[in-house]
Amino acid sequence: FIMFNQTRPPQISPKNDHPLSIKGRFNRLSYLGWYGLLSISWSILFTLIIAISASFSVNNVQVHEPILSAFSGIGAIALTALWFAGFYFQIVFLTRRLHDLNKTGWLCLLLLVPMIQFFFILYVLLAKGTPHRNDYGDIRPSAAWEKLLAWIMIIFSLITIFTMLIFSYYFASPDFWDTPTQILQNTTEYF
């Protein structure tokens with residue numbers, strides 16, 4: 001008898017798998033895609049809340065400090081609700097990613113440990129999920145928009161890290177760069 005290498009075909013997740021539910025799995029690209037969507041929508045809503053709160057405070061009472069007054073009253077309540085909603089969805093996405101690694105969602109508590117959280121996030125972002133059905137369900141394939149948004153997030157993160165390295169190099173070596181006063185003195189010597 002000849003034995004052929006029989007591999008399991010990947011199971012496709014059922015149709016009732018809702019991405020905003022804590023049950024189910026997210027692979028790396030799905031996790032980054034949904035996290036990117038959360039970040040973009042959170043930033044837009046944050047800006048809108050600040051702008052609307054500032055405009056109401058400018059029209060009513062305080063003309064000189066519109067941004068500070070945006071954090072009082074309804075603006076503060078809306079920002080607090082937005083923060084809790086963003087925190088909830090971050091935990092949901094992280095739990096689904098841990099489920100893909102066949103780990104319990106309670107490992108999210110590692111985010112509260114200062115030195116461990118960095119290595120934990122690296123593990124979550126870089127570890128490959130189980131290639132077959134695990135304790136938390138079938139494989140959930142990434143949608144095309146999730147993949148696109150995930151790659152945009154990766155490229156944006158790399159550009160941000162590169163920019164931070166350039167700025168830290170600039171500020172760490174002040175002798176290498178001329179100050180604006182020195183530049184003016186060097187360029188106006190002929191006059």
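Worth saying up front: this structure is predicted, and the values here are computed from it rather than measured.

About the criteria used
- As a convention, each chain's residues are numbered from 1 in the sequence order in which they are written.
- Note on the predicted model: pLDDT of at least 70 is required for a residue's local features to be given, and 80 or more for side-chain atom pairs to be given and counted; whole-chain, interface and lining totals, by contrast, use all residues.
- To obtain the side-chain values, all non-hydrogen atoms of the structure were used and water was disregarded.
- Under the pairing criterion, centres of Phe, Tyr and Trp rings, with the six-membered ring standing for Trp, must be within 6.5 Å; the plane angle then separates stacked pairs below 30 degrees from edge-to-face pairs above 60, leaving the rest tilted.
- For every residue, the accessible area obtained with a 1.4 Å probe (protein chains only) is divided by the maximum for its type, and the residue is called buried under 20%, exposed over 50%, and partly exposed between those limits.
- Runs of H or I in DSSP of at least four residues are treated as helices and runs of E of at least two as strands, each being numbered from the N terminus.
- Contacts are residue-level and defined by heavy atoms, with any inter-residue pair within 4.5 Å sufficient.
- By this rule the span expected of a helix is its residue count minus one, scaled by 1.5 Å.
- Salt-bridge detection follows one rule: a side-chain nitrogen of Lys or Arg within 4 Å of a carboxyl oxygen of Asp or Glu.

Caption draft 1: Layout of the packing of aromatic side chains. Under the counting rule described, the total for this entry stands at 11 aromatic pairs. A centroid spacing of 5.3 Å and a plane angle of 75 degrees characterise the contact between Phe118 and Phe119, whose relative ring orientation is edge-to-face. Of the residues examined, Phe119 reaches a relative accessible area of 56% and is grouped as exposed. Linked through ring pairs, Phe26, Trp34, Tyr88, Phe89, Phe93 and Trp145 together constitute an aromatic cluster.

Caption draft 2: Here's a closer look at the environment of Phe46. Mapped onto the fold, Phe46 is located in helix H1 (residues 28-60). Remark: the alpha-carbon pair of Phe46 and Ala78, spanning 32 residues in sequence, is separated by 8.9 Å. Setting aside anything within four residues of it in sequence, one finds Phe46 in contact with Leu79 and Leu82.

Caption draft 3: Structural detail: unusual backbone geometry. With phi around 60 degrees, Asn102 is a residue other than glycine that occupies positive phi space. Structurally, the position occupied by Asn102 is in the loop between helix H3 (74-100) and helix H4 (114-126). On the basis of relative accessibility, which here comes to 30%, the residue Asn102 falls in the partly exposed class.

Caption draft 4: Expanded view of H3. The end-to-end C-alpha distance of H3, which contains 27 residues, comes to 39 Å, matching closely the 39 Å that a straight helix rising 1.5 Å per residue would cover. The first or second residue beyond H3 is Asn102, which carries a positive phi of 60 degrees.

Caption draft 5: View of the pattern of salt bridges. Under the criterion given, the structure shown has 4 salt bridges. Across the salt bridge formed by Asp100 and Arg25, the nearest N and O atoms sit 2.8 Å from each other. Here Arg25 lies in the segment before H1 and Asp100 lies in helix H3, a separation of 75 residues in the sequence. Residue class for Asp100 comes out buried when judged on its relative accessible area of 5%. Since its relative accessible area comes to 1%, Arg25 is described here as buried. With a shortest N-O distance of 2.8 Å, Asp138 and Arg133 are connected by a salt bridge. A residue is classified by how much of its surface remains accessible, and Asp138, at 18% relative accessible area, is buried.

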